[in-house]
Amino acid sequence: MTIPALPVTPALARRLCGRPLMLLLDIDGTLSPIAPRPEYAIVPLDTQQVLAELAALPYASVVAISGRAADDARRVVGVDGIWIIGNHGFEIAPPNRPAETRPEVAPFAARIADAAARCSTIAQHTPGVVVEDKQWTVSVHYRLAHPSIVPALSNEIADVARDLGLRVTRGKEVLELRPPIDIDKGTAAAELAARLGALHAGASLLCAGDDRTDEDAFRALRAASPTSVTVHVGTDPAAFETDAEFYVLDTTAMRELLEVVLVLQRGGSPI
Ligand SMILES: [Mg+2]
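Residues numbered from 1 in each chain as written. Predicted model: local features only at pLDDT ≥ 70, side-chain atom pairs only at ≥ 80, totals over all residues.

## Comments concerning the overall build of the protein
Just so we agree on the cut-off: Secondary structure elements follow DSSP: runs of H or I of four or more residues count as helices, runs of E of two or more count as strands, with numbering from the N terminus. Atoms counted for the radius of gyration: C-alpha only. Globule rule: 2.2 Å times the number of residues to the power 0.38. Field definition: a residue is buried when 20 or more other C-beta atoms are found within 10 Å of its C-beta, exposed when 12 or fewer are, and partly exposed for counts in between, with C-beta atoms placed from the backbone.
Of regular secondary structure, the protein possesses eight helices and 12 strands. In terms of overall size, the protein behaves like a compact globule, its C-alpha atoms giving a radius of gyration of 18 Å where 271 residues would be expected to give roughly 18 Å. Each principal axis of the C-alpha atoms in the protein carries an extent, and together these give about 55 × 35 × 35 Å. Counting across all 271 residues of the protein, residues that qualify as buried make up 45%.

## Let's talk about the packing of helix α4 (residues 109-124) against helix α5 (residues 150-164)
Keep this limit in mind: As a rule, the C-alpha atoms of each element are fitted with a line to give its axis, helices using only the stretch in contact, and angles between N-to-C directions run from 0 to 180 degrees. Orientation is classified from the angle alone, with under 35 degrees giving roughly parallel, over 145 giving roughly antiparallel, 65 to 115 giving roughly perpendicular, and any other angle giving oblique. Should the near helix be turned anticlockwise from the far one by less than a right angle, the crossing is termed left-handed; should it be turned clockwise, right-handed. C-beta atoms are placed from the backbone for every residue, and two residues are taken to be in contact when these atoms lie within 7 Å. Amino acids outside the nonpolar list (Ala, Val, Leu, Ile, Met, Phe, Trp, Tyr, Cys, Pro) and the charged list (Asp, Glu, Lys, Arg) are all regarded as polar, and Gly is one of them.
At their nearest, the axes of α4 and α5 sit 10 Å apart, and the two run at 155° to each other. In terms of axis orientation, α4 runs roughly antiparallel to α5. Relative to α5, the crossing made by α4 is right-handed. Residue-level contacts link R111, D114, A115, R118, C119 and I122 of α4 to E156, I157, V160 and L164 of α5. Partitioning the contact of α4 with α5 into residue classes produces six nonpolar, no polar and four charged.

## Observations concerning the nonpolar core
A general trend in soluble globular proteins is that nonpolar side chains are found buried together. Our working definition: For this entry, the nonpolar core is defined as buried Ala, Val, Leu, Ile, Met, Phe, Trp, Tyr and Cys residues connected by C-beta atoms within 7 Å.
Counting residues in hydrophobic clusters, the biggest one holds 57 residues, and the most contacted among them are V63, A189 and V231. In terms of residue count, helix α8 (residues 251-265) provides more of this core than any other element does, seven residues in total. Those residues in contact with V63 that lie beyond four places of it in its chain are M22, L23, L24, L25, I82, W83, I85 and L192. Formed by 20 residues, the second largest nonpolar core is a distinct cluster that contains I112, A115, W136 and I157.

## Examining α5
For clarity, the threshold we go by: Expected span of a helix, by definition, is 1.5 Å for each gap between consecutive residues, and there is one gap fewer than residues. The arc in question is traced by the directions running from the helix axis to the C-beta atoms.
The end-to-end C-alpha distance of α5, which contains 15 residues, comes to 21 Å, matching closely the 21 Å that a straight helix rising 1.5 Å per residue would cover. Those residues of α5 not exposed but buried are E156, I157, V160 and A161. Down the axis of α5, the buried set is contained in an arc of 140°. They therefore lie on one face. Of the exposed residues in α5, those oriented more than 90 degrees away from the buried face are P151, A152, N155, D159, R162 and D163. Packing partners of the buried residues in α5 comprise α4, β7 (138-141), β8 (167-171) and β9 (174-178). One or two positions beyond α5, positive phi appears at G165, with a value near 70°.

## Here we look at the domain arrangement of the protein
Just so we agree on the cut-off: Reported domain spans reflect what an automatic or database domain assignment gives.
Split into domains, the protein comes out as domain 1 (10-102 + 183-265) and domain 2 (105-178). The centre of domain 1, based on its C-alpha atoms, is set 26 Å off from the matching centre of domain 2. Across the contact, 16 residues belong to domain 1 and 18 residues belong to domain 2. In terms of residue class, the side of domain 1 that touches domain 2 is made up of four nonpolar, six polar and six charged.

This is the structure:
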């Protein structure tokens, strides 16, 4: 599949200077470079700066959307005044407010805790596997493990999911266990976009992400608004089947795109 790389053409610029503006941005691999362990990830200072300036625009909403727990996502982004969608849509926090959990997931609390405990036991005998208990989902990272262990690990995680009636999804060097509820980045993104008026004619909506779960958001937003701008972040778009309309190479190029949006929204011309 061939998709065009940015930079921003005049036609694309017109799609990015509408109001209200909604920016829906994955964190790991999009705003922050991928780190060996999830707790090491940071959003660089210059990216934080442009996010803060965008969030301060009176008609703009900056939304960080992540598989991380909402509080952890807020910590990693490190910028006030932005929305947080955490745990792939199971949690949502308005700017500077505590996160609220979707009521549908509450009955799964004990099963997720059980899954986290079982995954931790698996990690103890599988070198390089890191388990992240996010209260409503569990991530099993194998970025630091030898690739040969992945098939056996996948089988063990699938067994846990089957025993507990949970779902498994796969991302970049991570397996995730989650409640079997049809909430994902796509449903959460489309709901919040509607709530913030970002699907109206004349509005602008930019969504960016680097991994499988972001594809749900790209599809949902492209279906909800033909002018929404969807961006896959990755060095090799030919090797990653994406439903995004555009791509940028890395988190630095992503920051540069956000800087262009800021200039456009202030009435300037970046071209
Ligand atoms: Mg990501």
